[in-house]
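Fold and geometry: a report
Single-letter residue listing:
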Amino acid sequence: MTDRTLWSYKDIAAHIQVQPDTVRSYRKHGLLPPPDQVKNGKPYWYGDTIRAWVASRPRNRGR
């Protein structure tokens, strides 16, 4: 089953245990995948998109 819940910067930050500004910086530097949806000018990602991104981050490989 896929997770189609939309995550904001705050949700992503809580998931990876960093501050929301850190997640914004990741996006600014091209480290986050493109947003799955944009509502009222704000980017949102599906939970599955973020989980896949977290799993592929260099410090999480091999875990």
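Residues numbered from 1 in each chain as written. Predicted model: local features only at pLDDT ≥ 70, side-chain atom pairs only at ≥ 80, totals over all residues. Heavy atoms only, no water.

In the annotation of an unreviewed UniProt entry, the entry for the protein chain reads MerR family transcriptional regulator, and the organism field reads Streptomyces microflavus.

A few words on the packing of helix α1 (residues 9-16) against helix α2 (residues 20-28). Running from N to C, α1 and α2 cross one another at 105°; their axes reach a closest spacing of 8 Å. Between α1 and α2, the angle is such that the two are roughly perpendicular. The segment α1 lies against α2, with Tyr-9, Lys-10, Ile-12, Ala-13 and Ile-16 engaging Pro-20, Val-23, Arg-24, Tyr-26 and Arg-27. (Axes fitted to C-alpha atoms, helices over the stretch in contact; angles between N-to-C directions. Helix = DSSP H or I, 4+ residues; strand = E, 2+ residues; numbered from the N terminus. Parallel < 35°, antiparallel > 145°, perpendicular 65-115°, else oblique. Contact = heavy atoms within 4.5 Å.)

The next point concerns the nonpolar core. Trp-7, Tyr-9, Ile-12, Ala-13, Ile-16, Val-23, Tyr-26, Leu-32, Trp-45, Ile-50, Trp-53 and Val-54 together form the largest nonpolar core, which totals 12 residues. Of all the secondary structure elements, the ones that give two or more residues to this core are α1, α2 and α3 (47-56). For this core, the element with the highest residue contribution is α1, accounting for 4 residues. With residues up to four places along the chain from it excluded, the contact list for Ile-16 reads Val-23, Tyr-26, Trp-53, Val-54 and Arg-57. (Core = buried A, V, L, I, M, F, W, Y, C linked by side-chain atoms within 4.5 Å. Buried < 20%, exposed > 50% of the residue type's maximum accessible area, 1.4 Å probe, protein only.)

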